[in-house]
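Analysis of the macromolecular model
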Amino acid sequence: MPKRKAKEGPPGGGGLRYQVSIAWRLSIKQWREELAYPLTLLYFVVSPVLTLLPLLLYGYALTGSGTSASLGGLTYTSDWFAYSALGFSLASLINSCLWGTGMALRREQWAGTLESLYVTPVSRFTMLFGSAIHNVQHGGLGVILQLTVSALVFGLRVNLAGILPALLAVALMVIGLQGFVLFFAAVVLLARRAWMAVELLVGSIRLLTPMSYPIVVLPVMLQTVAQGVPTYQALEAFRQFLLLGPFTPAAWSSLGLLLVLDALVVVLGWIVFRASDGFVRYRAGIGKF
Amino acid sequence: MVRNPRSRLVASSRRQTAGQPTPVKLPRVIDFSAAGTIAKNSLRISLRYPANFLIWGVLPLFWFLPFIFTGIAFTGGTTSASYQSQTGYANFIPYLVLGWVVFTYVDSSVWGVGNTLRWYQFSGVLEPMFMIPAPRLSILLGAAVAEMVTTSISTAILFGLSLVIFGLSFAASAVLPVLILLFLMIIGFTGFAFALSGLILVFKDPSVLTELVDTIIYILTPINYSINVLPLWAQPLSLILPSTFALVGIREAALAAAGLPQLWIDIVMLVILDVLFWALGMLLFQVAEHHTRRKGTLGEY
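Residues numbered from 1 in each chain as written. Chains lettered and ligands numbered in written order. Predicted model: local features only at pLDDT ≥ 70, side-chain atom pairs only at ≥ 80, totals over all residues. Heavy atoms only, no water.

**A word on the overall build of chain A**
Summing up its helical and strand segments, chain A has twelve helices and zero strands in all. Seen along its three principal axes, the alpha-carbon backbone of chain A occupies a region of about 70 × 50 × 35 Å. Across the 289 residues that make up chain A, the buried fraction comes to 52%. A separation threshold of at least 6 residues defines the contact pool for chain A, and within that pool the share at least 24 residues apart is 77%. Accessible surface, chain A: about 13700 Å² in total, of which carbon and sulfur atoms supply 70%. Across chain A, the 20 positively charged side chains and the 10 negatively charged ones have centroids separated by 9 Å. (Helix = DSSP H or I, 4+ residues; strand = E, 2+ residues; numbered from the N terminus. Buried < 20%, exposed > 50% of the residue type's maximum accessible area, 1.4 Å probe, protein only. Contact = heavy atoms within 4.5 Å. Areas by Shrake-Rupley, 256 points an atom, 1.4 Å probe, with all protein chains shown as cover. Lys, Arg positive; Asp, Glu negative; His and termini not counted. Charge placed at Lys NZ, Arg CZ, Asp CG, Glu CD.)

**Regarding the overall build of chain B**
Assigned secondary structure in chain B consists of 13 helices and zero strands. Across the 301 residues of chain B, 51% fall into the buried class. Counting only contacts in chain B whose residues sit at least 6 apart along the sequence, the fraction spanning at least 24 positions is 78%. As presented, chain B carries roughly 14500 Å² of accessible surface, and 68% of it is formed by carbon and sulfur atoms.

**Quick word on the interface of chain A and chain B**
Between chain A and chain B, the contact holds 38 residues from the first and 43 residues from the second. When chain A packs against chain B, close to 3600 Å² is buried across both sides, 77% of that on carbon and sulfur atoms. Where chain A packs against chain B, one counts zero salt bridges. Counting across the interface, chain A meets chain B through ten residue pairs in polar contact (both at pLDDT 80 or more). Top element by residues in the side of chain A that touches chain B is helix H2 (residues 38-63) of chain A. It accounts for 16 residues. (Buried area = accessible area lost by both parts, 1.4 Å probe. Salt bridge = Lys/Arg side-chain N within 4 Å of Asp/Glu carboxyl O. Polar contact = N/O pair within 3.5 Å; in protein donor to acceptor, adjacent residues only side chain to side chain.)

**Some details on a nonpolar patch on the surface**
A cluster of nonpolar side chains, Val158, Leu160, Ile163, Leu164 and Leu167 of chain A, forms an exposed patch at the surface whose accessible area comes to about 490 Å². In this structure, leucine 164 of chain A sits in helix H8 (residues 163-190). (Patch = residues over 30% accessible without salt bridge, like charges linked within 9 Å, V, L, I, M, F, W, Y side chains within 5 Å.)

**Some words on the nonpolar core**
Nonpolar side chains tend toward joint burial in soluble globular proteins. In terms of nonpolar packing, the biggest core is built from 142 residues, with Leu98 and Leu105 of chain A touching the most fellow members. For this core, the element with the highest residue contribution is H8 of chain A, accounting for 15 residues. For leucine 98 of chain A, the residues in contact, after removing those within four places along its chain, are Met103, Leu177, Phe180, Val181, Phe184, Val202 and Ile205 of chain A. Counting residues in hydrophobic clusters, the runner-up holds 17 residues, among them Ala35, Met129, Leu140 and Phe285 of chain B. (Core = buried A, V, L, I, M, F, W, Y, C linked by side-chain atoms within 4.5 Å.)

**Let's talk about H2 of chain A**
Look at H2 of chain A: 39 Å from first C-alpha to last across 26 residues, which is about the 38 Å you get at 1.5 Å a residue. At valine 46 of chain A, H2 of chain A is deflected by roughly 50 degrees, the largest bend along its length, and proline proline 48 of chain A occurs up to four residues later in sequence. (Expected span 1.5 Å × (residues − 1). Bend = angle between axes of the 7 residues up to and from the residue.)

**Details of the confidence of the model for chain A**
Looking at chain A, pLDDT values average 84 and 92% of them are 70 or higher. Taken together, the stretch residues 5-12 of chain A has pLDDT below 50 and engages in eight contacts with residues farther than four places along the chain or on a different chain. (pLDDT = per-residue confidence, 0-100.)

**Things to note about the pattern of salt bridges**
Residues and elements named next belong to chain B. Scanning the model with the defined rule gives four salt bridges over all chains in all. We note a salt bridge from arginine 136 to glutamate 289, for which the minimum N-O separation is 2.6 Å. Pair noted here: arginine 136 is in helix H8 (residues 136-166) and glutamate 289 is in helix H13 (residues 264-295), with a separation of 153 residues, a long-range link. The residues arginine 136 and glutamate 289 share a single accessibility class, namely buried. Across the salt bridge formed by glutamate 289 and arginine 293, the nearest N and O atoms sit 3.4 Å from each other. Taken together, the residues span about one helical turn, with glutamate 289 and arginine 293 both in helix H13 at a distance of four residues. A relative accessible area of 48% places arginine 293 in the partly exposed class. Linked by salt bridges that have partners in common, Arg136, Glu289 and Arg293 make up one network.

**What about the side chain of threonine 116 of chain B?**
Residue and element names in this part refer to chain B. Mapped onto the fold, threonine 116 is located in helix H6 (residues 116-123). Classification of threonine 116 as buried rests on a relative accessible area of 6%. At 3.0 Å, the side chain of threonine 116 and the backbone oxygen of glycine 112 are in polar contact. Once residues lying within four places of it in the same chain are set aside, the contact partners of threonine 116 are Leu140 and Ala143.

**Let's talk about the environment of leucine 258 of chain A**
Residue and element names in this part refer to chain A. Mapping leucine 258 onto the fold places it in helix H12 (residues 249-282). For leucine 258 and leucine 172, which are 86 residues apart along the polypeptide, the C-alpha to C-alpha distance reads 7.1 Å. For leucine 258, the contacting residues outside a window of four places in its chain are Ala169, Leu172, Met173, Pro230, Gln233 and Ala234.

**Brief notes about unusual backbone geometry**
All names here are of chain B. For alanine 257, which is not glycine, the phi torsion reads 55 degrees and is therefore positive. In this fold, alanine 257 is placed in the loop between helix H12 (242-255) and H13. Judged by relative accessible area, which is 58%, alanine 257 ranks as exposed.

**Some details on the packing of aromatic side chains**
The tally for this structure, following the rule as stated, stands at 22 aromatic pairs over all chains. Relative to tyrosine 95 of chain B, the ring of tyrosine 83 of chain B lies with its centre 5.4 Å away and its plane at 80 degrees, an arrangement referred to as edge-to-face. You can see tyrosine 83 of chain B sitting in helix H4 (residues 81-87) and its partner tyrosine 95 of chain B sitting in helix H5 (residues 92-113), a full twelve residues away along the chain. Judged on exposure class, the residue tyrosine 83 of chain B and its partner tyrosine 95 of chain B are both buried. Look at phenylalanine 192 of chain B and phenylalanine 277 of chain B: their rings are 6.0 Å apart centre to centre, the planes differ by 35 degrees, and that puts the pair in the tilted class. One end of the pair, phenylalanine 192 of chain B, is in helix H9 (residues 175-203); the other, phenylalanine 277 of chain B, is in helix H13, and 85 residues separate them in sequence. Chaining the aromatic ring pairs together yields one cluster made of Tyr58 of chain A together with Phe64, Phe67, Tyr83, Tyr89, Phe92, Tyr95, Trp100, Phe103, Phe166 and Tyr218 of chain B. Above the face of the tyrosine 83 of chain A ring, arginine 239 of chain A is positioned so that its terminal group lies 3.8 Å from the ring centre. (Phe/Tyr/Trp six-rings, centres within 6.5 Å; stacked < 30°, edge-to-face > 60°. Lys NZ or Arg CZ within 6 Å of the ring centre and 35° of its normal.)

**Topic: the packing of H9 of chain B against H13 of chain B**
Residues and elements named next belong to chain B. Their axes nearest at 7 Å, the elements H9 and H13 cross at an angle of 20 degrees. Looking at the two axes, H9 sits roughly parallel to H13. As for how H9 packs across H13, the hand of that crossing is left-handed. Tallied by class, residues from the contact of H9 with H13 come to 20 nonpolar, eight polar and three charged. (Axes fitted to C-alpha atoms, helices over the stretch in contact; angles between N-to-C directions. Parallel < 35°, antiparallel > 145°, perpendicular 65-115°, else oblique. Left-handed = near helix turned anticlockwise from the far one by under 90°. Nonpolar A, V, L, I, M, F, W, Y, C, P; charged D, E, K, R; others polar.)

**A closer look at the environment of leucine 16 of chain A**
Residues and elements named next belong to chain A. With respect to the helices and strands, the residue leucine 16 is situated in helix H1 (residues 16-35). Here leucine 16 falls in the exposed class, since its relative accessible area comes to 71%. Residues leucine 16 and leucine 62 lie 46 residues apart in sequence; the distance between their C-alpha atoms is 53 Å.

If you want it as structure tokens, here you go:
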């Protein structure tokens, strides 16, 4: 029986299926790297509780109970724990996507493998996509863990009918985050100390994506800016679907706006990343720290 | 007779140096002169990136502003009767500002000093650093001194910005007690960083270990709330952290105009904890270092 002829030539650049399979392998590689350190697994399991505890204790110190009349006047619920726990659950996904994928190229640079990766027949976007797959899985598991802990330990109750549209909000948010990620990756390629810019940008996004407060408490200028941040629209829709149910017009209008913002952010991120990648390669600065 | 190979090496080195001036006896635990040189070197590197100071002066604002906005949303203002009954202070803004300013030092001890050896490893200079004729703890002490200086510059920026943004003011008489308490806390956490460095030598991945330790200290320290709101079993754990006594004392000095005589309990407790943390830190580091070298995993990632 004749041997099947192996596919010749570099398949890079061609075939969406090939690029997706490479991205999948990159994401598995990242899981293997993480799980090689036993403490990582331990932290992954306990972090949902650890990140929620300070807020829980702070909220209790402020209100002395599980409700806040002030929050009730500003939003659709006075249950500050439910409001904040839902907000915080998405925070781990946002963090994982922004930091994990945004700094993916920098980590390869630190490990001395960026140049090797750049000469493989794989698109730059595939490299980022692989990291994004991993970080969405990592952050997504974090969301599930945190919501489970909130429900089982702290008695969080959600509207089960709102789960599907809430998942849609999360999916749209993840798409929007990829635009930010492309932008961060561009900064990482251009700036030697990119973590500063990434840290500031992530801080700003988190401030404008209020996990535990409504944006009406922000200064007016910041309220306007927050309206244009995809993560804010996604979080509001997610929270309203899970607390008020699927038939909440304000949540659906947030989703509509989110679609438009996603398109804008992803296209802008793509343009900026392409431009910076071309610039860095032209200046032969890939290996520079 | 079983001869220790190390003593043979020493004997051979003595033979080689016969007739020459007697070599200087090296300190066994910490070489302060080497630590000073390492601190100067680290500071020189830090000063090459002046933007770092500004960034670290501004970044913590992004971390504690959400707590302030949350407080406003939950209370409808900047004060709360419940908060007063829990912490002794009704206004949560100065309480949070002081908490976060002090926490930047804790953070820098854990992240900066605790991870020093890992940064050296990433930069490929860990083995050469381990070959310098000085005890390893000198490297960590040098890094701790440099970190204290750089953190103080960033914290001054953070504190100044917070005063301007929130319109806060504190009595000048609080400066001396605050500085004393802060200094004693930093000393304690330097000992803690020795232990953490040892653990990082053994476990290798610093990000998770550091994150875990930092988060636990953050939860147990009264940064955003008083330790009264912690579960009963966790309250004693909070009392073994220097940051708890430092923060309680600093708030009393800055917000309740307490003088040094009123703060003696905090000062004595900090001194006791400093001694304990240094003793335990040095011991743990030496055990971890010995373990790593015996297993030959020093250069492993």
